[in-house]
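A structural walkthrough
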Amino acid sequence: MTITDPSTQSHSAVGTEFPGDERAAGIGGVGAHLAADEVHDFVVAQLRGADLDGKRVCLVVPDGTRTCPLPLLLRAAHEALAGRASEVTVVIALGTHQGMGEDQLARHLGYQPGESTQTYPGWRILNHESWLPETFTTLGTIGADRLTELTGGLMRDTSVTVRINRHVADADVAVVVGPVFPHEVVGFSGGNKYFFPGVSGQELIDLSHWVGALITSAEMIGTPGITPVRALVNEAATMIPAQRLALCLVVASGTDVLHAAAFATPQDAWAACAAVSAETHVSYRETPVTRVLSIMPEKYADIWTAAKGFYKLEPIVADGGEVIIYAPHITEISVMHPHIAEIGYHNRDYFLGQWERFKDQPWGDLAHSTHLRGQGTWDSENGERNRVTVTLATGIPEEVVRAVNLNYLDPAQVDIAAYQADPDTFVEPHAGEVLYRLRPGGSNTSAEPDGREIDPSGMDG
């Protein structure tokens, strides 16, 4: 396997046409706040208009780390599919996240614990159990030549096996239901990303995340159009035997309010919502700040998922500045990826400069390590140098934090009001979904670009 020097690549993907958002049915838009009945009627109308009679339908939906009004959407879907689909299976697109317990599922999907069949009669609701080999069906392989083409030359001399949750592969129609946000690996989340990595085998997860890490989160996040990782995800999706549809959404961060919804193929529905998300979930500032306090909602259960509080704020931090991740409820680095604690947090060049040492580690874990460490350099003479300091103010013990190459701050010493009063500090009360960027010569559009209303503690989730 050959990794091309990412600094020499244009990062343009080859062979995948950018979809047209005009091909999607949609409602809402930038600045809109859709009423629940509008959303309900749209979902019912779109699903009733789809060719689903007598079909086995698999709904692929997000887990609890994504803001999404799933109870509203799934009740509308149940109304539209009742008496038409021969069977309906709901698969929670966990990727490699922890499985959701019954109480969590009940809150997430809108039913009383143990009573899913009363709210959604006839439906099966399942976690994507990535930890079980029998979860998967093998769809085929993306060969080395095609992989080189899709990644703009970043990956050479290697191929990747494509596996997916068998319930998706066995369905006649697979329908993605989920939001679109700026994303550190693919540019904007949503669409076919709910298949890969949402219900994907580990091989494609590791490779796609490492491709994104080679480009770096700072360059990838919020990038419009077909990025190399999006091209890879779309290519894998063409191997799914089921017909693919998607209900993509733009959600006011931290709320159940939708700005927009689109229904079409995953490519077209995603394109429509990514265009809205780019104007909704990206907030521009005029000048950099010395420090950011990222207050993490409780839906992020470990640092692996709470790392969003770093890379969605990193772009507005001055060189030599600091990002503090404030999450007293978090007590672990990563439940599902223990290798991250063993590897520690390092920038991309740290791994590339010592590739023989790290090449056999899970590439996805290397990628997640770079996401939280951000931009920097490494060479054998000077070692690792990072652009900003990352500090954890969490329930993780100090010795563990320092062992993974991060700074420690006792969360009991965090005075949110004092940070808010500090002109050199930017406080994000609900970190994880809105991306902040600098716009040279521009103006600060808004600290809350999507009009969300947030609990003052920031810990509501």
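The paragraphs below set out a description of the structure included in this document. As the structure is a computational prediction, the values presented were derived from the model and not from experiment.

Rules used in this analysis
Residues numbered from 1 in each chain as written. Predicted model: local features only at pLDDT ≥ 70, side-chain atom pairs only at ≥ 80, totals over all residues. Heavy atoms only, no water. Axes fitted to C-alpha atoms, helices over the stretch in contact; angles between N-to-C directions. Helix = DSSP H or I, 4+ residues; strand = E, 2+ residues; numbered from the N terminus. Parallel < 35°, antiparallel > 145°, perpendicular 65-115°, else oblique. Left-handed = near helix turned anticlockwise from the far one by under 90°. Contact = heavy atoms within 4.5 Å. Nonpolar A, V, L, I, M, F, W, Y, C, P; charged D, E, K, R; others polar. 1 Å grid on protein atoms, 1.4 Å probe; cavity = no way out; pocket = protein on both sides within 12 Å on 5 of 7 lines; lining within 4 Å. Points joined across faces, edges and corners; volume = space filled by probe spheres on them. Salt bridge = Lys/Arg side-chain N within 4 Å of Asp/Glu carboxyl O. Buried < 20%, exposed > 50% of the residue type's maximum accessible area, 1.4 Å probe, protein only. Pairing = 2+ DSSP bridges. Right-handed = clockwise from strand over helix to strand, strands pointing away. Core = buried A, V, L, I, M, F, W, Y, C linked by side-chain atoms within 4.5 Å. Phe/Tyr/Trp six-rings, centres within 6.5 Å; stacked < 30°, edge-to-face > 60°. Lys NZ or Arg CZ within 6 Å of the ring centre and 35° of its normal.

Once that is clear, we can look at the packing of helix 7 (residues 202-215) against helix 9 (residues 228-237). Where helix 7 contacts helix 9, the axes come no closer than 9 Å and their chain directions differ by 160°. It follows that helix 7 is roughly antiparallel to helix 9 by the angle criterion. The way helix 7 lies across helix 9 gives a crossing that is right-handed. Residues Leu204, Leu207, Ser208, Val211, Gly212 and Ile215 of helix 7 touch helix 9, and the partners they reach there are Pro228, Val229, Leu232 and Ala236. Along the lines of polarity and charge, the residues of the contact of helix 7 with helix 9 split into 8 nonpolar, 2 polar and no charged.

Moving on: empty space enclosed by the protein. Per the stated rule, a full pass over the model turns up 3 cavities of 30 Å³ or more. Of the volumes computed, that of the largest cavity is approximately 460 Å³. Taken together, 31 residues form the lining of the largest cavity, with Arg66, His97, His183, Lys193 and Lys308 sitting closest to its centre. Looking at the lining of the largest cavity, the elements with two or more residues in it are strand 10 (182-183), helix 7, helix 11 (303-306), helix 12 (308-311) and helix 16 (363-373). Residues that form the lining of the largest cavity fall into these classes: 11 nonpolar, 13 polar and 7 charged. Its boundaries defined by the atoms lining it, the second largest cavity holds a volume of some 60 Å³. Lining the second largest cavity, in full, are Val43, Gln46, Leu47, Leu59, Leu73, Ala77, Val175, Val177, Leu247 and Phe263. Of all elements in the fold, only helix 1 (36-49), helix 2 (70-81) and strand 9 (173-179) reach the threshold of two or more residues within the lining of the second largest cavity. When residues of the lining of the second largest cavity are assigned to their parent elements, the largest contribution, 3 residues, is made by helix 1.

Now for the pattern of salt bridges. Close approach of charged atoms allows side chains with opposite charge to pair. Taken as a whole and judged by the stated rule, the model has 17 salt bridges. Put simply, glutamate 149 and arginine 146 hold a salt bridge, and the shortest N to O gap is 2.6 Å. Separated by 3 residues within a single helix, glutamate 149 and arginine 146 lie in helix 5 (residues 144-150), roughly one turn from each other. For glutamate 149, a relative accessible area of 32% corresponds to the partly exposed category. The closest approach of N and O atoms between glutamate 433 and lysine 299, which form a salt bridge, is 2.9 Å. With glutamate 433 in the loop between strand 21 (425-428) and strand 22 (435-438) and lysine 299 in the loop between strand 15 (289-295) and helix 11, this residue pair connects regions lying 134 residues apart in the sequence.

With respect to topology, 7 strands assemble into an open sheet ordered 2-13-12-9-3-4-5, the strand pairing being mixed. Each of the sheet's edge strands pairs with one partner strand only, and the pair in question is strand 2 (25-28) and strand 5 (123-127). Averaged over all neighbouring strand pairs, the angle between strand axes comes to 15°, with direction disregarded. Two strands pair when backbone bridges link them, and strand 3 (residues 56-62) and strand 9 are joined in this way by 4 bridges, in the parallel orientation. Residue pairing across strands places valine 60 opposite valine 176, the latter belonging to strand 9. With respect to the sheet, helix 10 (residues 266-280) is in contact with strand 12 (243-251) and strand 13 (258-264), its orientation differing from that of strand 12 by roughly 10°.

With 5 of 6 residues buried, strand 19 (residues 389-394) lies mostly within the body of the structure. As paired strands, strand 16 (residues 317-327) and strand 19 are joined by 6 bridges and run parallel to one another. Bridged to valine 323 within strand 19 is valine 390. Across 2 bridges, strand 19 lies against strand 20 (residues 407-408) in parallel orientation. Considered in strand 20, the bridge of threonine 391 is made with asparagine 407. In this fold, the crossover linking strand 19 to strand 20 by way of helix 17 (residues 398-403) has right-handed handedness.

Bringing the nonpolar core into the picture now. Core analysis: the biggest nonpolar cluster contains 65 residues, and Ile164, Val168, Phe195, Phe196, Trp210 and Ile240 have the highest contact counts within it. Leave out the neighbours within four places in its chain, and valine 168 touches Cys58, Val60, Ala174, Phe195, Val199, Ile240 and Ala242. Of all hydrophobic cores here, the second largest spans 43 residues; its members include Phe42, Ala77, Leu105 and Ala106.

Moving on, we come to the pairing of strand 9. Counting buried residues in strand 9 gives 7 out of 7 residues, a clear majority hidden from the surface. Going residue by residue along strand 9, you find Val173, Val175, Val177 and Pro179 tucked away on one face and Ala174, Val176 and Gly178 tucked away on the opposite face as well.

With that settled, consider helix 9. Buried residues dominate helix 9, accounting for 9 of its 10 residues. Pro228, Val229, Arg230, Ala231, Leu232, Val233, Asn234, Ala236 and Ala237 are the residues of helix 9 that are buried.

What follows is about the packing of aromatic side chains. Counted under the stated rule, the structure contains 8 aromatic pairs. Look at tyrosine 350 and phenylalanine 351: their rings are 5.5 Å apart centre to centre, the planes differ by 85°, and that puts the pair in the edge-to-face class. For phenylalanine 351, a relative accessible area of 0% translates into the label buried. Between tryptophan 355 and tryptophan 363, the ring centres sit 5.8 Å apart and the planes meet at 50°, which makes this aromatic pair tilted. Across from the ring centre of phenylalanine 136, 4.4 Å away, lies the NZ or CZ of arginine 163, which sits over that ring. Its guanidinium or amino end placed over the ring of tryptophan 270, arginine 230 lies 4.1 Å from that ring's centre, counting from NZ or CZ.

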